[in-house]
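Observations on the model geometry
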Amino acid sequence: AQTVTQSQPEMSVQEAETVTLSCTYDTSENNYYLFWYKQPPSRQMILVIRQEAYKQQNATENRFSVNFQKAAKSFSLKISDSQLGDTAMYFCAFMNRSGSARQLTFGSGTQLTVLP
Amino acid sequence: DAGVTQSPTHLIKTRGQQVTLRCSPKSGHDTVSWYQQALGQGPQFIFQYYEEEERQRGNFPDRFSGHQYPNYSSELNVNALLLGDSALYLCASSLAGQPQHFGDGTRLSIL
């Protein structure tokens, strides 16, 4: 079974600054995906960024980038030039690529507040 | 192109009742997963449907059941509702191992 741990329940950052959210995971699998999802008060879970475990290069999507350390089982999210619209709950999630099912295992989330 | 749609948005039930939640997947998606998200927590996997069959199940009792129709839409049924079933229920759809797309969820309150 996989576990995902987010040790920062709440974080805040000033607008235009950079913030890093932490995530660690535990698995015996070697082929998997890692994700960061964003959930604003509107409730919809929005995919922010995805990392494939076999790729050494860290994924980037505009202002969002990850630091993937496979040996350490660490997967942090860096948000650059923070905007007020980035205020949301952020969830780290794991998905095994082997086998037929593709369930997501989520962490407990980090509430990020961007301050004006 | 419509995304994942869930109905109803909100629902209030009493203990012991039964409830059915509905989900229409994103166009082109064939797999539907259901998650339960208690207040302040991350979503927990309930089960996943593919080709009208339950493919995998999380750690939820048999009171939770589901169905997938030939058009890939899905239902989540919960019997004998308990106060602890109060949560946001999220539906997600996907295709062939691609990232899951989520709906806005159904907020279920048990009185």
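Preceding block: the structure.
Residues numbered from 1 in each chain as written. Chains lettered and ligands numbered in written order. Predicted model: local features only at pLDDT ≥ 70, side-chain atom pairs only at ≥ 80, totals over all residues. Heavy atoms only, no water.

Describing unusual backbone geometry
Keep in mind that most residues, glycine aside, have a negative phi and that most peptide bonds are trans. Cis geometry is found at the peptide bond from Ser-7 of chain B to Pro-8 of chain B, where omega equals -10°. Within the chain, Asn-62 of chain A stands out as a residue other than glycine whose phi angle is a positive 55°. Tracing the backbone through its elements, the reader meets Asn-62 of chain A in the loop between strand S7 (60-61) and strand S8 (64-69). Take Asn-62 of chain A: its relative accessible area is 79%, and that puts it in the exposed class. The phi dihedral of Glu-52 of chain B falls on the positive side, at around 65°, and the residue is not glycine. (Helix = DSSP H or I, 4+ residues; strand = E, 2+ residues; numbered from the N terminus. Buried < 20%, exposed > 50% of the residue type's maximum accessible area, 1.4 Å probe, protein only.)

So, the state of the cysteines
Counting across every chain of the model gives 2 disulfides over all chains. One disulfide in the model links Cys-23 of chain A with Cys-92 of chain A; its S-S distance is 2.0 Å. Disulfide Cys-23 of chain A-Cys-92 of chain A: torsion about the S-S bond near -70°, hence left-handed. A residue pair is termed long-range when its members are at least 10 positions apart, and Cys-23 of chain A in the loop between strand S3 (19-21) and strand S4 (24-26) and Cys-92 of chain A in strand S10 (residues 88-96) qualify at 69 residues. The exposure class of Cys-23 of chain A is buried, given its relative accessible area of 1%. Using a relative accessible area of 0% as the deciding quantity, one classes Cys-92 of chain A as buried. With its sulfur 1.8 Å from that of its partner, Cys-23 of chain B forms a disulfide with Cys-91 of chain B. Where Cys-23 of chain B bonds to Cys-91 of chain B through sulfur, the torsion about that S-S bond is close to -65°, and the disulfide is left-handed. One end of the pair, Cys-23 of chain B, is in strand S3 (residues 19-24); the other, Cys-91 of chain B, is in strand S9 (residues 87-94), and 68 residues separate them in sequence. (Disulfide = S-S within 2.5 Å.)

As for the sheet that holds strand S8 (residues 74-78) of chain B
Residues and elements named next belong to chain B. Within the open sheet, the 4 strands sit side by side as S1-S3-S8-S7. Their pairing is antiparallel. Edge positions in the sheet fall to strand S1 (5-7) and strand S7 (64-68), since each has one partner strand and no second. Neighbouring strand axes in the sheet, compared pairwise and without regard to direction, differ in orientation by 20° on average. As defined by bridge partners, S1 adjoins S3 across 3 bridges and the pair is classed as antiparallel. Within S3, the residue paired with Ser-7 across the bridge is Arg-22. (Pairing = 2+ DSSP bridges. Axes fitted to C-alpha atoms, helices over the stretch in contact; angles between N-to-C directions.)

Structural notes on the interface of chain B and chain A
On the side of chain A, 19 residues touch chain B, which itself brings 24 residues to the contact. Buried surface at the junction of chain B and chain A, both sides included, amounts to about 1800 Å², of which 50% is carbon and sulfur. Counting across the interface, chain B meets chain A through 0 salt bridges. Remark: the boundary between chain B and chain A carries 9 residue pairs in polar contact (both at pLDDT 80 or more). (Contact = heavy atoms within 4.5 Å. Buried area = accessible area lost by both parts, 1.4 Å probe. Salt bridge = Lys/Arg side-chain N within 4 Å of Asp/Glu carboxyl O. Polar contact = N/O pair within 3.5 Å; in protein donor to acceptor, adjacent residues only side chain to side chain.)

Details of the pairing of strand S9 (residues 74-79) of chain A
Residues and elements named next belong to chain A. In this sheet, S9 lies alongside S3 in antiparallel orientation, the contact comprising 3 bridges. Within S9, the position partnered with Val-19 by the bridge is Ile-79. Both S8 and S9 contribute to a ladder of 6 bridges, which runs antiparallel. Each residue of the ladder has a partner; that of Asn-67, found in S9, is Ser-76. Connecting S8 to the next strand, S9, in antiparallel fashion are 4 residues, including Lys-73 with a positive phi near 55°.

Some words on the side chain of Gln-6 of chain A
Residue and element names in this part refer to chain A. Take Gln-6: it is sitting in the loop between strand S1 (3-5) and strand S2 (10-14). Only 3.0 Å separates the side chain of Gln-6 from the backbone oxygen of Tyr-90, close enough to count as a polar contact. Here Thr-110 takes part through its side chain, which lies 3.5 Å from a polar atom of the side chain of Gln-6. Once residues lying within four places of it in the same chain are set aside, the contact partners of Gln-6 are Ser-22, Cys-23, Trp-36, Tyr-90, Phe-91, Cys-92, Gly-107, Ser-108, Gly-109 and Thr-110.

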